[in-house]
Amino acid sequence: EAGVAQSPRYKIIEKRQSVAFWCNPISGHATLYWYQQILGQGPKLLIQFQNNGVVDDSQLPKDRFSAERLKGVDSTLKIQPAKLEDSAVYLCASRTYRDRTYEQYFGPGTRLTVT
Amino acid sequence: ELKVEQNPLFLSMQEGKNYTIYCNYSTTSDRLYWYRQDPGKSLESLFVLLSNGAVKQEGRLMASLDTKARLSTLHITAAVHDLSATYFCAVPRGAGGTSYGKLTFGQGTILTVHP
């Protein structure tokens, strides 16, 4: 079974520029998450999708971040304009129900550096 | 607001020694997850603990959950260099339905095993 795919793996941009990340979850997984992991911290949830609908975006800085999952499969996360504090690894995860619980599977992440 | 705290945050061990990582959380939850993250890599699921008193073991790692104390432990037996990584515990927020499973992560414990 293929895992969660993300691209690009690395991105360096200047502040005030825009950037987009792409995620392809594991086939059949209806729930998709985007996390932000700042160096030295645990991942922080930004947004959760169920199919193509947003379940929770309470921690997404909506003035600069946006995300979509138009056809309920792939998802994109955009930052516009980027700030220095957005430097982090952006992780995508998808979820399935297995062995009496939900399990999340994480992609390799996109490391963003804002200069 | 759910808070998840791990200690220690940094752990330097000699090969062959035993040690325990602690994970405390602030609100009621009946399950807890442990993940491993190697430098520059994504998160790998280690254990899913589903109920009070749950204990799971894999190789030199053993995890347990006490939901009444809101405490989980990850015990390392006879450490080897290959166990060097960052270990995260995570607790789901909410209950039931599509919102269930939003994870709050601890800060992570950076484990270094020396020869």
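Residues numbered from 1 in each chain as written. Chains lettered and ligands numbered in written order. Predicted model: local features only at pLDDT ≥ 70, side-chain atom pairs only at ≥ 80, totals over all residues. Heavy atoms only, no water.

## Some thoughts on the overall build of chain A
What counts here: Working definition: helices are DSSP H or I runs of at least four residues, strands are E runs of at least two. Numbering for both runs from the N terminus. For a compact globule the rule gives 2.2 Å times the number of residues to the power 0.38, and the radius of gyration it is set against comes from C-alpha atoms. Exposure is judged per residue with a 1.4 Å probe applied to protein chains only, and the accessible area is read against the type maximum: over 50% gives exposed, under 20% gives buried, and values in between give partly exposed. Two residues form a contact once any of their heavy atoms are found within 4.5 Å. Here the open area of atoms and residues is found with the Shrake-Rupley method and a 1.4 Å probe, where only the protein chains shown may cover a residue. Note that His is not counted, nor are the chain ends; the positive residues are Lys and Arg, and the negative ones are Asp and Glu. To locate a charge, take NZ of a lysine, CZ of an arginine, CG of an aspartate or CD of a glutamate.
Secondary structure assignment for chain A yields zero helices and eleven strands. Of the regular secondary structure in chain A, the N- to C-terminal order runs β-β-β-β-β-β-β-β-β-β-β. Whereas a compact globule of 115 residues would reach a radius of gyration of roughly 13 Å, chain A reaches 14 Å, a difference of no more than 12%. Dimensions of chain A, computed from C-alpha atoms along their principal axes, come out at roughly 45 × 25 × 20 Å. Per-residue burial for chain A yields a buried fraction of 44% across its 115 residues. Restricting the contact set of chain A to residue pairs at least 6 apart, pairs at least 24 apart contribute 52%. Carbon and sulfur atoms make up 48% of the accessible area of chain A, which amounts to about 5,800 Å² in all. Of note, chain A has its 15 positive side-chain charges centred 3 Å away from the centre of its 11 negative side-chain charges.

## Brief notes about the pairing of strand E6 (residues 55-58) of chain B
All names here are of chain B. Note the threshold: DSSP calls a pair of strands paired once it identifies at least 2 bridges connecting them.
Across four bridges, the pairing between E6 and strand E7 (residues 61-66) is antiparallel. Paired with lysine 56 across the two strands is alanine 63, which belongs to E7. Counted along the chain from E6 to the antiparallel partner E7, the turn is two residues long, and its residue glycine 59 has a positive phi close to 60 degrees.

## Digging into the pairing of strand E6 (residues 53-56) of chain A
In this sheet, E6(A) lies alongside strand E5 (residues 44-50) of chain A in antiparallel orientation, the contact comprising three bridges. Of the residues in E6(A), the one forming a bridge with Gln48(A) is Asp56(A).

## What to know about the interface of chain A and chain B
Stated precisely, the cut-off is as follows: Summed over both partners, buried area is the accessible surface (1.4 Å probe) that two parts give up on being assembled. A side-chain nitrogen of Lys or Arg and a carboxyl oxygen of Asp or Glu constitute a salt bridge if their distance falls within 4 Å. Polar contacts here mean pairs of N or O atoms no more than 3.5 Å apart (in protein, one a potential hydrogen donor and the other a potential acceptor; neighbouring residues in sequence count only if both atoms are side-chain atoms).
Counting residues at the interface gives 26 residues for chain A, matched by 22 residues for chain B. Taken together, the two surfaces of chain A and chain B that pack against each other cover about 1,800 Å², and 49% of this comes from carbon and sulfur. Summed over the three residues of chain A that lose the most area to chain B, namely Thr101(A), Tyr102(A) and Phe106(A), the buried surface amounts to 23% of that side. At the boundary of chain A and chain B, one finds one salt bridge. The shortest N-O distance in the salt bridge between Lys102(B) and Asp56(A) comes to 2.6 Å. In this assembly, chain A and chain B are joined by five residue pairs in polar contact (both at pLDDT 80 or more). Counting only elements with at least two residues in the side of chain A that touches chain B, the list comes to strand E4 (31-37), E5, E6, strand E9 (88-98) and strand E10 (101-106) of chain A. The element contributing the most residues to the side of chain A that touches chain B is E10(A), with five residues.

## Brief notes about unusual backbone geometry
Residues and elements named next belong to chain A. The omega torsion across serine 7 and proline 8 is -10 degrees, close enough to zero to call that bond cis. Secondary-structure assignment places proline 8 in the loop between strand E1 (5-7) and strand E2 (10-13). The step from glutamine 80 to proline 81 runs through a cis peptide bond, and the omega angle for that step is -5 degrees. Mapped onto the fold, proline 81 is located in the loop between strand E8 (75-79) and E9. Located in the positive-phi region is asparagine 51, a residue other than glycine, with phi close to 55 degrees. Note that asparagine 51 resides in the loop between E5 and E6.

## What to know about the side chain of Arg36(B)
All names here are of chain B. Here arginine 36 shows up in strand E4 (residues 32-37). A residue is classified by how much of its surface remains accessible, and arginine 36, at 13% relative accessible area, is buried. Among the polar contacts made by the side chain of arginine 36, one reaches the side chain of aspartate 38 at a distance of 2.9 Å. Leave out the neighbours within four places in its chain, and arginine 36 touches Ser42, Leu43, Glu44, Leu46, Asp82, Leu83, Ser84, Ala85, Thr86 and Tyr87.

## Section: the sheet that holds strand E7 (residues 65-68) of chain A
All names here are of chain A. Rules: In this analysis an axis means a line fitted to C-alpha atoms, helices contributing only their contacting stretch, and an angle means the value between N-to-C directions, from 0 to 180 degrees.
A sheet is described by the order of its strands in space; here four strands give the open sequence E1-E3-E8-E7, paired in antiparallel fashion. Edge positions in the sheet fall to E1 and E7, since each of these pairs with one other strand and no more. Pairs of neighbouring strands in the sheet enclose a mean axial angle of 15 degrees, with direction left out of account. Sheet topology places E7 next to E8; four bridges connect them, and they run antiparallel. Each residue of the ladder has a partner; that of alanine 67, found in E8, is leucine 77.

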